[in-house]
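# Close look at the chain arrangement
These are the residues of each chain, in order.
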Amino acid sequence: MTKPASAPRRRPSWAGRNYTLLTAAAIVTNLGSHGALIAAAFAVLDAGGDGGDVGLVAAARTLPLVLFLLIGGAVADRLPRHHVMVAANALNCVSQAAFAVLVIAGEPQLWQMMLLTGLGGVGQAFFGPAAEGMLMSSVSGEQVSRAFALYRMAMQGAGLGGAALGGLMVAALGPGWVLAVDAAAFALAGALRSFLDVSHIPERAPGGGLLADLRDGWREFTGRPWLWSIVAQFSVVVAVVGAAESVFGPLVARDELGGAGPWGLALGAFGAGTVGGAILMMRWKPRRLLLAGTLCVFPLAAPSAALAVPLPVAGLAAVMFVSGVAIEVFGVSWMTAMHQEIPEEKLSRVSAYDWFGSVAMVPLATALAGPAESAFGRGPSLWGCALLVVLVTAAVLFVPDVRNLTRRTTKVPVPTPRAEGSAGAIASTSADAEAPVGRRG
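## Overview of the overall build of the protein
In terms of helices and strands, the protein carries 18 helices and zero strands. Residues counted as buried form 56% of the 441 residues belonging to the protein. Carbon and sulfur atoms make up 68% of the accessible area of the protein, which totals about 17,900 Å².

Listed below in structure tokens is the structure:
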């Protein structure tokens with residue numbers, strides 16, 4: 001009797017237990033959160049608010065994120081990262097559930113919506129650095145880029161479905177029920193993340209306290225020109241794109257496109273583009289990681305320009321799709337560079353500085369979006385957003401490490417930049433070992 005062949009592996013060797021749990025939890029979270037972004041904006045508008053009020057609520061979420069990010073990164077490098085993630089998910093669940101109850105029960109006050117979205121921002125400040133450090137420590141070997149691409153494809157695919165479904169649910173049921181679904185998604189995702197295993201991560205050596213950890217992370221951050229220059233670039237890009245999509249987008253949709261449904265479809269097209277970009281990055285491994293990624297930031301100016309015209313829904317969706325593909329090329333390239341160049345025990349702190357720089361200007365940009373519309377008009381304000389994206393992206397290409405940092409097949413110890421020179425130069429000396437194959441997020 002012939003012995004039956006062993007069952008084939010259900011997943012590749014690099015997709016271990018932690019990676020699988022992280023991916024599943026990200027899918028659940030993104031299904032809820034992308035719809036909730038639309039729901040929050042229309043909850044403000046349905047309560048009688050205007051563009052300025054939408055901007056204030058968006059800023060109320062981002063301001064605590066900025067204030068607590070660095071502390072969150074230091075805490076995530078000191079405590080078990082999955083404990084930090086679960087606690088943050090619990091806070092997000094409670095705040096979104098309370099927001100949903102207020103919206104469903106009657107007319108929520110602006111200060112109440114700002115307070116609850118602010119609590120969500122606090123949760124995100126602790127969750128983000130812990131999650132990024134946990135994901136990067138869960139993969140290794142030559143396929144890290146593919147692992148990041150698959151993770152982002154799953155996450156963005158869920159965002160695609162969440163945005164499209166959220167827009168339709170807001171139109172059919174009202175924003176309160178979409179917020180309730182988001183609260184349930186945070187609860188489920190937190191339960192999944194509680195099963196993460198951190199036994200493979202070495203215990204952190206006793207340090208000099210929280211401030212010493214923050215200073216150490218700052219030295220890692222400022223010692224790498226490619227890192228701080230791109231974060232500075234994205235401090236502008238994220239701010240103006242965020243203002244365009246969270247404030248001007250819903251207003252254009254309401255006045256020109258027919259409401260929440262078409263805007264949800266446009267955001268869904270962006271999500272579809274990110275899925276397409278992730279599929280592309282599962283096969284394409286650009287040798288000059290950051291050069292390829294930075295060139296793909298230029299298309300992020302296009303959605304603001306499309307809203308300024310404004311293009312009809314089909315044209316706006318096409319522009320959003322292309323920008324989604326482009327940002328995913330950057331996102332996978334950026335995560336691969338971070339995984340390659342940053343020591344594991346400092347990943348959360350460095351990620352916190354990355355997040356901090358990238359979102360620091362978002363509260364100001366979203367809060368000023370309404371006054372800018374009043375002062376200059378909606379169209380000129382959106383054209384200004386597009387121009388800023390182009391200018392800062394062109395400027396960062398003058399940084400040599402951004403143009404020259406190259407891919408390695410294995411992660412090797414990288415000397416401290418202060419003592420041994422730039423990370424880009426170090427990477428360039430060892431990247432030629434990889435044969436050619438057939439950027440944040």
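## Considering the packing of aromatic side chains
Considering all chains together, one arrives at seven aromatic pairs under this definition. Note on W218 and Y353: the rings are 5.5 Å apart at their centroids and 55° apart in plane angle, and the pair reads as tilted. Within this pair, whereas W218 is found in helix α7 (residues 210-222), its partner Y353 is found in helix α13 (residues 347-359), the two being separated by 135 residues in sequence. Y353 sits in the buried class, given a relative accessible area of 9%. Counting every residue linked through ring pairs, the aromatic cluster contains W226, F234, F330 and W334.

## A look at the nonpolar core
A general trend in soluble globular proteins is that nonpolar side chains are found buried together. Ranked by internal contacts, the top residues of the largest apolar core, which has 58 residues, are W226, L227 and W334. By residue number, the principal contributor to this core is helix α8 (residues 225-257), which donates nine residues. Among the nonpolar cores identified, the runner-up in size contains 50 residues, and V57, A308, V319 and M320 belong to it.

## Observations concerning helix α12 (residues 313-341)
Given a rise of 1.5 Å per residue, 29 residues ought to cover 42 Å, and the 42 Å separating the end C-alpha atoms of α12 matches this to within 8%. The element α12 is largely enclosed, with a buried count of 21 among its 29 residues.

## Thoughts on the confidence of the model for the protein
Here the protein averages 79 in pLDDT, and 86% of its residues register 70 or above. Per-residue pLDDT, averaged within each element of the protein, yields its smallest value for helix α18 (residues 423-430) (27) and its largest for helix α15 (residues 378-396) (92). Scored below 50 in pLDDT, residues 1-8 makes zero contacts in the model with residues more than four places away or belonging to other chains. Scored below 50 in pLDDT, residues 411-441 shows 63 contacts in the model against residues more than four places distant or in partner chains.

## With respect to the packing of helix α3 (residues 81-105) against helix α6 (residues 175-193)
At a minimum axis separation of 8 Å, α3 and α6 run at an interaxial angle of 165°. By the angle between their directions, the pair α3 and α6 is classed as roughly antiparallel. Once α3 is placed against α6, the crossing between them reads as left-handed. In this structure, α3 uses H82, M85, V86, N89, N92, C93, Q96, A97, F99, A100, V103 and I104 to contact α6, whose residues at the interface are P175, G176, W177, L179, A180, D182, A183, F186, A187, A189, G190 and R193. Across the contact of α3 with α6, the residue classes tally to 16 nonpolar, six polar and two charged.

## Digging into the environment of V396
With respect to the element layout, V396 can be found in helix α15. Using a relative accessible area of 4% as the deciding quantity, one classes V396 as buried. C-alpha separation for the pair V396 and A232, spaced 164 residues apart in sequence, amounts to 8.8 Å.

## Some details on unusual backbone geometry
In this model, V309 is joined to P310 through a cis peptide bond whose omega is -15°. Mapped onto the elements, P310 comes out in the loop between α11 (302-308) and α12.

## Observations regarding the pattern of salt bridges
Counted by the stated rule, this structure contains five salt bridges. In this structure, R378 engages E373 in a salt bridge whose closest nitrogen and oxygen atoms are separated by 2.8 Å. Among the ionic contacts, a cluster of salt bridges with common partners joins R254, D255, E373 and R378.

## Topic: the packing of helix α1 (residues 17-46) against helix α4 (residues 110-137)
Running from N to C, α1 and α4 point in directions that differ by 155°, and their axes come no closer than 13 Å. Viewed along their axes, α1 and α4 adopt a mutual orientation that is roughly antiparallel. Here α1 runs over α4; the crossing is left-handed. Along its contact with α1, which presents N18, Y19, L22, A43 and V44, the element α4 presents M113, M134 and L135. Of the residues in the contact of α1 with α4, the class split is seven nonpolar, one polar and no charged.

Rules used throughout
Residues numbered from 1 in each chain as written. Predicted model: local features only at pLDDT ≥ 70, side-chain atom pairs only at ≥ 80, totals over all residues. Heavy atoms only, no water. Helix = DSSP H or I, 4+ residues; strand = E, 2+ residues; numbered from the N terminus. Buried < 20%, exposed > 50% of the residue type's maximum accessible area, 1.4 Å probe, protein only. Areas by Shrake-Rupley, 256 points an atom, 1.4 Å probe, with all protein chains shown as cover. Phe/Tyr/Trp six-rings, centres within 6.5 Å; stacked < 30°, edge-to-face > 60°. Core = buried A, V, L, I, M, F, W, Y, C linked by side-chain atoms within 4.5 Å. Expected span 1.5 Å × (residues − 1). pLDDT = per-residue confidence, 0-100. Contact = heavy atoms within 4.5 Å. Axes fitted to C-alpha atoms, helices over the stretch in contact; angles between N-to-C directions. Parallel < 35°, antiparallel > 145°, perpendicular 65-115°, else oblique. Left-handed = near helix turned anticlockwise from the far one by under 90°. Nonpolar A, V, L, I, M, F, W, Y, C, P; charged D, E, K, R; others polar. Salt bridge = Lys/Arg side-chain N within 4 Å of Asp/Glu carboxyl O.

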